[in-house]
Amino acid sequence: MAIMEIVTVGHDVLRQEAKPVPKVTKKVQTLVKNMIDTMYHADGVGLAAPQIGVSQRIIVIDIGEGPTALVNPTIEEREGLDIDVEGCLSIPGVNGYVRRSTRVVVAYLDEKGKPQRLHAEGVLSRALQHELDHLDGVLFIDNMLEEVKPQSEEAGCSEQTVEQQESR
Ligand SMILES: [Zn+2]
């Protein structure tokens, strides 16, 4: 078990476009394992390789149904729009509303190098889109509609504002 250091906003690697993985080797499998360990250690539901300083197109996700590793993931289909609050292990202390597709279909290679397809909605769909953005150097604060201040009265107000924006 290896816990890697999670790099935070301001680090160049978070803004780079990550490189496709040419082949799922033993080295990639070890990296995936370390990413899963690091995600659990940080209490996260997802982690992208750039967040541990590795500019490769690999993400791991666990929304409470066991870990899934996705190598070279691409969104093939998206449907619907949904606004909800997100945070990021690389941007501690910031939470805010982000607009995402409600449902996505993601094609990827699993940790054995086998092509897979994942149909996701709700929290899983949101987590996948957040992690996929990391592979293109995009952070959720780039598309944040409004920040949610923890434990302040503003949090209640901002939710109303978001609803108003939605109905426009
Ligand atoms: Zn993130």
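Residues numbered from 1 in each chain as written. Predicted model: local features only at pLDDT ≥ 70, side-chain atom pairs only at ≥ 80, totals over all residues.

Quick notes on the overall build of the chain
In terms of regular secondary structure, the chain is built from three helices and eight strands. Helices (α) and strands (β) of the chain occur, in sequence order from the N terminus, as α-β-β-β-β-β-β-β-α-β-α. Partitioning the intrachain contacts of the chain with sequence separation of at least 6 by distance along the chain shows that 65% fall at a separation of at least 24. (Helix = DSSP H or I, 4+ residues; strand = E, 2+ residues; numbered from the N terminus. Contact = placed C-beta atoms within 7 Å.)

A few points about the sheet that holds strand β7 (residues 115-121)
Overall, antiparallel pairing links the five strands, which are arranged β1-β2-β3-β6-β7 in an open sheet. This sheet does not close on itself; its edge strands, each paired only once, are β1 (46-48) and β7. On average, adjacent strands in this sheet sit at an angle of 40° to one another, irrespective of strand direction. Two elements, strand β2 (residues 58-61) and strand β3 (residues 68-79), share four bridges in a ladder whose sense is antiparallel. Paired with Ile58 across the strands is Val71, a residue of β3. (Pairing = 2+ DSSP bridges. Axes fitted to C-alpha atoms, helices over the stretch in contact; angles between N-to-C directions.)

A short note on the sheet that holds strand β4 (residues 82-88)
Spatial strand order, β4-β5-β8: three strands in an open sheet with antiparallel pairing. Each edge of the sheet is formed by a strand with only one pairing partner; in this case those strands are β4 and β8 (144-147). For this sheet the average axis-to-axis angle between neighbouring strands, irrespective of direction, equals 35°. Of the strand pairs in this sheet, β4 and strand β5 (residues 91-100) are connected by seven bridges, and their pairing is antiparallel. The partner of Cys88 across the bridge, within β5, is Ile91.

Some points on the pairing of β2
Across the two faces of β2 the burial is the same, with Ile58 and Val60 and Ile59 and Ile61 all buried. In terms of strand pairing, β1 meets β2 through three bridges, oriented antiparallel. Paired with Gly46 across the strands is Ile61, a residue of β2. The antiparallel pairing of β2 with β3 creates a hairpin that spans six residues between the two strands, and Gly64 there sits at a positive phi of about 110°. (Buried ≥ 20, exposed ≤ 12 C-beta atoms within 10 Å, placed from the backbone.)

Topic: the nonpolar core
If you look at the biggest cluster of nonpolar residues, it comprises 27 residues, and the most contacted ones within it are Met35, Ile58, Ile59, Val60 and Leu128. Looking at this core, the elements that each hand over two or more residues are α1 (26-41), β1, β2, β3, β6 (103-109) and α2 (122-135). Each residue touching Ile58, except ones within four places of it in the same chain, is listed here: Val21, Leu31, Val32, Met35, Ala49, Ala69 and Val71. (Core = buried A, V, L, I, M, F, W, Y, C linked by C-beta atoms within 7 Å.)

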